[in-house]
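Notes for the structure review
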Amino acid sequence: LWQLGLHSGIGGSADPMQPLYTACYCEENVWHLCSTLVQQGMAAIDDLLAVFISNQHKQVALWCQAASNAADGKVVWDYH
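Predicted model only: the values in this text are computed from it and were never measured. (Residues numbered from 1 in each chain as written. Predicted model: local features only at pLDDT ≥ 70, side-chain atom pairs only at ≥ 80, totals over all residues. Heavy atoms only, no water.)

Helix and strand counts for the protein chain stand at one helix and two strands. Each helix and strand of the protein chain, placed in order from N terminus to C terminus, yields the pattern α-β-β. The proportion of buried residues among the 80 residues of the protein chain is 20%. Residue pairs at least 24 apart in sequence account for 24% of intrachain contacts in the protein chain once pairs closer than 6 positions are excluded. Of the roughly 6100 Å² of accessible surface on the protein chain, 58% is carried by carbon and sulfur atoms. (Helix = DSSP H or I, 4+ residues; strand = E, 2+ residues; numbered from the N terminus. Buried < 20%, exposed > 50% of the residue type's maximum accessible area, 1.4 Å probe, protein only. Contact = heavy atoms within 4.5 Å. Areas by Shrake-Rupley, 256 points an atom, 1.4 Å probe, with all protein chains shown as cover.)

This is how it looks when you write it as structure tokens:
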């Protein structure tokens, strides 16, 4: 995202060239990112693919997460 110049602070950006960002709502952030890429002519909708990861236990461990209180940044999400 940084290489494309698409990055925004928490809560989104007033700049229409920046995708909106909402903390803890990865699916909404992905939608906004894809929408921004299409609107700016940087990608065609048919060229974009989003993947969400989950499992039958609804437990996906990710590290280096800002939402974590653990030293290693680990958070167990229901999906990501």
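Moving on from the model shown.
Once that is clear, we can look at helix H1 (residues 26–39). One turn of an α-helix holds 3.6 residues; hence residues three or four places apart share an orientation. An ideal rise of 1.5 Å per residue puts 20 Å on 14 residues; H1 measures up with 20 Å between its terminal C-alpha atoms. Immediately beyond the C-terminal end of H1, within one or two residues, lies Gly-41, with a positive phi of roughly 75°. (Expected span 1.5 Å × (residues − 1).)

Here we take up the environment of Asn-55. Topologically, Asn-55 is positioned in the loop between H1 and strand E1 (60–62). On the accessibility criterion, Asn-55 (35% relative accessible area) is partly exposed. When the C-alpha positions of Asn-55 and Tyr-79 are compared, they lie 7.9 Å apart, and in sequence the two are 24 residues distant. A distance of 2.9 Å separates the side chain of Asn-55 from the backbone nitrogen of His-57, its partner in a polar contact. Here the side chain of Asn-55 touches Gln-59 through a polar contact of 2.9 Å, landing on its backbone oxygen. (Polar contact = N/O pair within 3.5 Å; in protein donor to acceptor, adjacent residues only side chain to side chain.)

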